[in-house]
Amino acid sequence: MRQGRGPDGKVYFPAFPYASYTGMTDDDLADLWAYLMSIPPVPEAARDHDLTFPFSIRALIWPWRWLYFVDGWTAEEPGKADDWNRGAYLSNALGHCGECHTQRNLLGGLDRSRPFAGNTRGPEGKGVPNITPHPEKGIGRWSESDIVFFLADGMLPDGDFVGGAMTEVVTNSTGKLTKEDLRAIAVYLKGLAPIAGD
């Protein structure tokens, strides 16, 4: 989870978001392991990788890791409120929100100068919105309670509902968080630098 390596030592493709999971705490990793071990095994074999050339070449992961993988980073910032730091941890490590909501460069690295500012080529080639507090291009007009309600139920402030891959995120992940954790994410997102991304 933290190093992006399998039991055999082989490095994983960063489609598995270990670059975010590297920030997970020992306690959360232990809880995740306990949960995964409680799930019955699936009898079907895992699908083969379907990455396109040249990203399918495993040897190219090493230069990618050297350029973009920061081992054991922490989202916590001294001087920030506890709920902001909790929201940063949930958004960056556990939720790995930036993996979809941040634009990537040609080598597949996140554009860290524009975090959460949207991604024109997200999962399945679809655009992913800007979730910085920019008033026009992002979610700057959303209140903290709008964000909490959206993450809990998938309903946007205008009454529409989320679509695409975010539907699964709400159903299987954020919709199961406590109100305190949802509020921490909202505090964090509202505290980001507003960026006029797509």
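It should be noted that the structure appears before, not after, this text.
Below is a summary of the structure that appears in this document.

A few words now on the packing of aromatic side chains. With the rule as written, the count across this model stands at nine aromatic pairs. Here the aromatic rings of Phe-16 and Tyr-21 are separated by 5.5 Å at their centres, their planes lie at 65°, and the arrangement is edge-to-face. Given the relative accessible area of 30%, Phe-16 is considered partly exposed. Note on Tyr-21: relative accessible area 13%, which makes it buried. Their ring planes at 65° and their centres at 5.0 Å tell us that Trp-84 and Tyr-188 sit as a pair that is edge-to-face. Residue Trp-84 is located in helix α4 (residues 82-94), and its partner Tyr-188 is located in helix α8 (residues 179-190); the two are separated by 104 residues in the primary sequence.

A separate point is the packing of helix α6 (residues 144-153) against α8. Relative orientation of the contacting elements α6 and α8 amounts to 125°, with a least axis distance of 9 Å. One element, α6, and the other, α8, form an angle in the oblique class. Where α6 crosses over α8, the two elements pack in a sense that is right-handed. Of the residues in α8, those in contact with Glu-144, Ile-147, Val-148, Leu-151 and Ala-152 of α6 are Lys-179, Leu-182, Arg-183, Ile-185, Ala-186, Val-187, Leu-189 and Lys-190. Residues of the contact of α6 with α8, tallied by class, amount to nine nonpolar, no polar and four charged.

Quick notes on the rules
- Along each chain, residues carry numbers from 1 onward, in the same order as the chain's sequence is written.
- pLDDT decides what is reported in this predicted model: residues at 70 or higher carry local features, side-chain atom pairs at 80 or more are listed and counted, and totals for whole chains, interfaces and linings draw on all residues regardless.
- Excluding hydrogens and water, the side-chain values take into account all heavy atoms of the structure.
- The aromatic pairing rule takes the rings of Phe, Tyr and Trp, using the six-membered ring of Trp, and pairs them if the centres are within 6.5 Å, calling planes under 30 degrees apart stacked, those over 60 edge-to-face and the rest tilted.
- Summary of the burial criterion: residues with accessible area below 20% of their type's maximum are buried, those above 50% are exposed, and those between are partly exposed, where the area comes from a 1.4 Å probe applied to protein chains only.
- The numbering of helices and of strands both runs from the N terminus, where a helix is a DSSP run of H or I of at least 4 residues and a strand a run of E of at least 2.
- To define axes, lines are fitted to C-alpha atoms, for helices over the stretch in contact only, and angles between the resulting N-to-C directions are given on a 0 to 180 degree scale.
- Between 65 and 115 degrees an angle is taken as roughly perpendicular, under 35 as roughly parallel, over 145 as roughly antiparallel, and anywhere else as oblique.
- Here is the rule for handedness: rotate from the far helix to the near one, and if that takes an anticlockwise turn smaller than a right angle the crossing is left-handed, while a clockwise turn gives right-handed.
- Note on contacts: a residue pair is in contact if any heavy atoms of the two residues lie within 4.5 Å.
- Amino acids are sorted into nonpolar (Ala, Val, Leu, Ile, Met, Phe, Trp, Tyr, Cys and Pro), charged (Asp, Glu, Lys and Arg) and polar (every other residue, Gly among them).

That's the geometry; what it means functionally is another story.
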